[in-house]
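Here is how the chains run, residue by residue.
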There are 2 protein chains.
Amino acid sequence: MAVYTHLGAEEMSALIARFDVGTLVSAKGIAEGVSNSNWLLETTGADGPEGSGGGARFILTMYEFRIELADLPYFLSLLDHLAAKGCPVPRTIHDREGKLFVSNYGPNGDKALALIEYLPGVSVSTPTAGQARAVGAELARLHLAAADFPASRANGMGVAEWQRLAAACGAEGLARINPELAGIVASELPRLAANWPADLPSGVIHADLFPDNVLMLGDTVTGLIDFYFACNDIIAYDLAVTHVAWCFDRHDAFQPDVSAALIEGYESVRALSAKERAALPLLGQGAAMRFAMSRAWDWLNTPADALVTPKDPMGPARRLGFYKSNPGIFA
Amino acid sequence: MAVYTHLGAEEMSALIARFDVGTLVSAKGIAEGVSNSNWLLETTGADGPEGSGGGARFILTMYEFRIELADLPYFLSLLDHLAAKGCPVPRTIHDREGKLFVSNYGPNGDKALALIEYLPGVSVSTPTAGQARAVGAELARLHLAAADFPASRANGMGVAEWQRLAAACGAEGLARINPELAGIVASELPRLAANWPADLPSGVIHADLFPDNVLMLGDTVTGLIDFYFACNDIIAYDLAVTHVAWCFDRHDAFQPDVSAALIEGYESVRALSAKERAALPLLGQGAAMRFAMSRAWDWLNTPADALVTPKDPMGPARRLGFYKSNPGIFA
């Protein structure tokens, strides 16, 4: 939630000149992304035959940490693929040479930069059933639209990573966060790993479709954003991740109407097979474990005086328990 | 450089409804301000007789720390006063009841919020003479336009505060930053305090007109922003602050052409009296001391693992020495 690198007007203007988007009118560092710097840019717009588009807006991202440069082509060309099929995702703006991103940038040549479309919309905090229905439908459209996406990327946040994070936190670390958490992980993680399905349809998934990563205007989805966890994995797991993220209130209370609407919306575009539907309780537990483990690690590794408040791993941990006790919600 | 408070779409929409600016289209937390949270908002625009303005943009600021609420009317009504006189400053958007800001906001009722105009432009890193000339002229216009501003506010970063900050850092703390710094403060601060002018024209000053606080398109100033140090003090001191901020490169090398252009630009609008001009070397040393002291304090009080890198107090400290040795640059 910060801008790690200062880019002055001169440097920003020179950067923008690499793209056919006109000249710089405004640049504001925006507080999005935890492992990269982002700016909301306004330019005069591309010089087309009709002259200046006027007020064209873009998001410029500088990749600073964590994300492997080798994965950037996957993320950025996926945006192009989905946008071309009408999904509400930001298009990647290619540079004048047709490249997806600027590489070897900065004084040490170790940074990369990409320019993507700006999309309107705001992220909701308390989703309604109508909003969840719309998100479910867009998620299903994304799954269908990505079916012929040619590239592939393994899920870096899969079962093996939950186990690695749990070991890195240690039972003592988990207990320090919450005495219950160590117990939940000790009993549930081996069970999930042993029973994780291997025979469900797989494809490209967003894998992190929290409300923060969905832009909406009313009940309309105007943007699906932040594809940096996108990968190839079990398709129905993406619906389970979205379910964990959308169908509980801030006190972790299950919202039956939101849940029903999310799944209805999804199935209005892509029907779940009987096998997929039967797997949802387990996939939901896995999705909850995934966020419990990444949050637990962040919790133990965020400096006490950092500006960012780490998210409580007990939220997803409680949701895991809910899915285990209430498999009928997906029936 | 962070957004301290999360405002979801619902809360943001409810907030925006207090103003006649249409409905929310987009909200991005922006990485500006160290003691408040800021969002760049887009709305459908106020409902006027011609219908939606479309794409109206604003900056929403939530005041979280430091700034005394009692000072907000001064800052915000100053923007209105200057904008009405044609200065390129953002207008304050009053709420539907005509109020300058929303008070008693948030769960504890201890926050305040203000909506101001968004202005285009970008901040330069390496000012040219042409840019400095334009900024000098706008600064002088601000001083003239504010002459009949009815409110008054003492300078909280005046000589007494430099002394307080120096004492709070302590000679040992200053020496820890740089062995030279303690010596500079010990010898120069008492001299500046003893000789600080008391008989120069005073009025409303910006007091912090660094390039970061000026938006430009080419050589045109499109915005003077961040008035949270604005106060009533020696008018020529404001030119001295601006000189410290604009007329040296990143290696603290004096830029004679930029300096000449800044002062020429200023005097093209408001001539300096002989007394003011003669005081500039001393005022420049004071301005340099002011930033050396605030940066020294921040340096010693920023956690080592904070995301924000504190600014080096030695930059202004070296500029202080330059002004002392080269009073002729203002002749």
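Predicted, not measured: the structure shown is a model, and the values here were computed from it.

Caption draft 1: The overall build of chain A, seen in detail. From N to C terminus, chain A includes 9 helices and 12 strands. Rg of the C-alpha trace for chain A: 21 Å, near the compact-globule value of 20 Å for 331 residues, within the 12% margin. Its C-alpha atoms put chain A at 60 × 45 × 35 Å along the principal axes. Within chain A, the proportion of its 331 residues that are buried is 56%. Intrachain contacts of chain A at a sequence separation of at least 6 include 72% that bridge at least 24 residues. For chain A, the accessible surface area stands at approximately 13,500 Å², while carbon and sulfur atoms represent 54% of it.

Caption draft 2: Geometry of the packing of helix α8 (residues 274-301) of chain A against helix α9 (residues 314-325) of chain A. Residues and elements named next belong to chain A. Their axes nearest at 8 Å, the elements α8 and α9 cross at an angle of 165°. When the axes of α8 and α9 are compared, the pair comes out roughly antiparallel. The element α8 and its partner α9 pack so that their crossing is left-handed. Listed contacts from α9 to Pro281, Gly284, Gln285, Ala288, Met289, Phe291, Ala292 and Arg295 of α8 are Pro316, Ala317, Arg319, Leu320, Tyr323 and Lys324. Taken together, the residues that form the contact of α8 with α9 break down as 9 nonpolar, 2 polar and 3 charged.

Caption draft 3: Molecular detail of the relation of the copies chain A and chain B. Superposition record for chain A on chain B: RMSD 0.0 Å, screw rotation 180°, translation along axis 0.0 Å. The relationship between the two copies is best expressed as a two-fold rotation axis. When C-alpha positions in chain A are compared against the rotation axis, the closest is assigned to Ile30(A), at 2.0 Å. A share of 100% of interface residues in chain A that are also interface residues in chain B marks the association as one of identical surfaces.

Caption draft 4: Summary view of the interface of chain A and chain B. Each partner contributes to the interface: chain A provides 34 residues, whereas chain B provides 34 residues. Put simply, chain A and chain B have 2 salt bridges between them. Across the pair Arg57(B) and Glu42(A) runs a salt bridge, and its minimum N-O distance is 2.7 Å. Between chain A and chain B we count 16 residue pairs in polar contact (both at pLDDT 80 or more) in total. Broken down by secondary-structure element, the contributors of at least two residues to the side of chain A that touches chain B are α1 (9-16), β1 (24-30), β2 (36-43) and β10 (214-217) of chain A. Per element, the largest residue contribution to the side of chain A that touches chain B is 7 residues, and it comes from β1(A). Tallied by class, residues from the side of chain A that touches chain B come to 19 nonpolar, 8 polar and 7 charged.

Caption draft 5: Region of interest: unusual backbone geometry. In this structure, Ala207(A) takes a positive phi of about 75° despite not being glycine. For Ala207(A), the location among the structural elements is in the loop between β9 (202-205) and β10. Exposure remark for Ala207(A): the relative accessible area of 6% places this residue in the buried category. One non-glycine residue, Asp252(B), lies in positive phi territory at about 70°. Among the residues examined, Asp252(B) registers a relative accessible area of 18% and is labelled buried.

Caption draft 6: Quick peek at the packing of aromatic side chains. Residue and element names in this part refer to chain A. This model, assessed by the stated rule, comprises 26 aromatic pairs over all chains. The interplanar angle of 80° and the centroid separation of 6.0 Å between the aromatic rings of tyrosine 74 and phenylalanine 75 together place this pair among those described as edge-to-face. Taking the relative accessible area as the measure of exposure, phenylalanine 75 reaches 2% and is therefore buried. Between the aromatic rings of phenylalanine 322 and tyrosine 323, the centroid separation amounts to 6.3 Å while the plane-to-plane angle is 70°, which identifies the pairing as edge-to-face.

Caption draft 7: Layout of helix α8 (residues 274-301) of chain B. The end-to-end C-alpha distance of α8(B) is 41 Å, a good match for the 40 Å that 28 residues give at a rise of 1.5 Å each. Roughly 50° is the biggest bend found in α8(B), and it falls at Leu280(B), with proline Pro281(B) one to four residues downstream.

Caption draft 8: Quick peek at the nonpolar core. Core analysis: the largest hydrophobic core is formed by 223 residues, its most contacted members being Leu283(A), Met293(A), Leu283(B) and Met293(B). Contacts of Met293(A), omitting those with residues within four sequence positions, involve Trp162(A), Leu165(A), Ala166(A), Leu174(A) and Val185(A).

Caption draft 9: Examining the domain arrangement of chain A more closely. Residue and element names in this part refer to chain A. By the assigned domains, chain A splits into domain 1 (9-117) and domain 2 (129-330). The gap between the C-alpha centroids of domain 1 and domain 2 is 28 Å. Together, Tyr74, Phe75 and Pro88 form the three largest contributors to the area buried by domain 1 at its contact with domain 2, with a combined 38%. Our count for the domain 1 to domain 2 interface comes out at 2 salt bridges. In this structure, lysine 85 and aspartate 148 form a salt bridge, with 2.9 Å as the shortest nitrogen-oxygen distance.

Caption draft 10: Summary view of the pattern of salt bridges. A full pass over the atoms with the stated rule returns 32 salt bridges over all chains. Across the pair Arg164(B) and Glu161(B) runs a salt bridge whose closest N-O atoms are separated by 2.9 Å. With Arg164(B) and Glu161(B) both in helix α4 (residues 159-177), this residue pair falls 3 residues apart, about one helical turn. The network of salt bridges with shared partners includes Glu188(A), Arg191(A) and Lys324(A).

Caption draft 11: Spotlight on the state of the cysteines. Inspection of the entire model under this criterion finds 0 disulfides over all chains. The thiol of Cys87(B) is unpaired, and the distance to the nearest cysteine sulfur, on Cys231(B), comes to 16 Å.

Conventions we followed
Residues numbered from 1 in each chain as written. Chains lettered and ligands numbered in written order. Predicted model: local features only at pLDDT ≥ 70, side-chain atom pairs only at ≥ 80, totals over all residues. Heavy atoms only, no water. Helix = DSSP H or I, 4+ residues; strand = E, 2+ residues; numbered from the N terminus. Rg over C-alpha atoms; globule rule 2.2 N^0.38 Å. Buried < 20%, exposed > 50% of the residue type's maximum accessible area, 1.4 Å probe, protein only. Contact = heavy atoms within 4.5 Å. Areas by Shrake-Rupley, 256 points an atom, 1.4 Å probe, with all protein chains shown as cover. Axes fitted to C-alpha atoms, helices over the stretch in contact; angles between N-to-C directions. Parallel < 35°, antiparallel > 145°, perpendicular 65-115°, else oblique. Left-handed = near helix turned anticlockwise from the far one by under 90°. Nonpolar A, V, L, I, M, F, W, Y, C, P; charged D, E, K, R; others polar. Least-squares fit on C-alpha atoms with pLDDT ≥ 70 in both. Salt bridge = Lys/Arg side-chain N within 4 Å of Asp/Glu carboxyl O. Polar contact = N/O pair within 3.5 Å; in protein donor to acceptor, adjacent residues only side chain to side chain. Phe/Tyr/Trp six-rings, centres within 6.5 Å; stacked < 30°, edge-to-face > 60°. Expected span 1.5 Å × (residues − 1). Bend = angle between axes of the 7 residues up to and from the residue. Core = buried A, V, L, I, M, F, W, Y, C linked by side-chain atoms within 4.5 Å. Domains from an automatic or database assignment. Buried area = accessible area lost by both parts, 1.4 Å probe. Disulfide = S-S within 2.5 Å.

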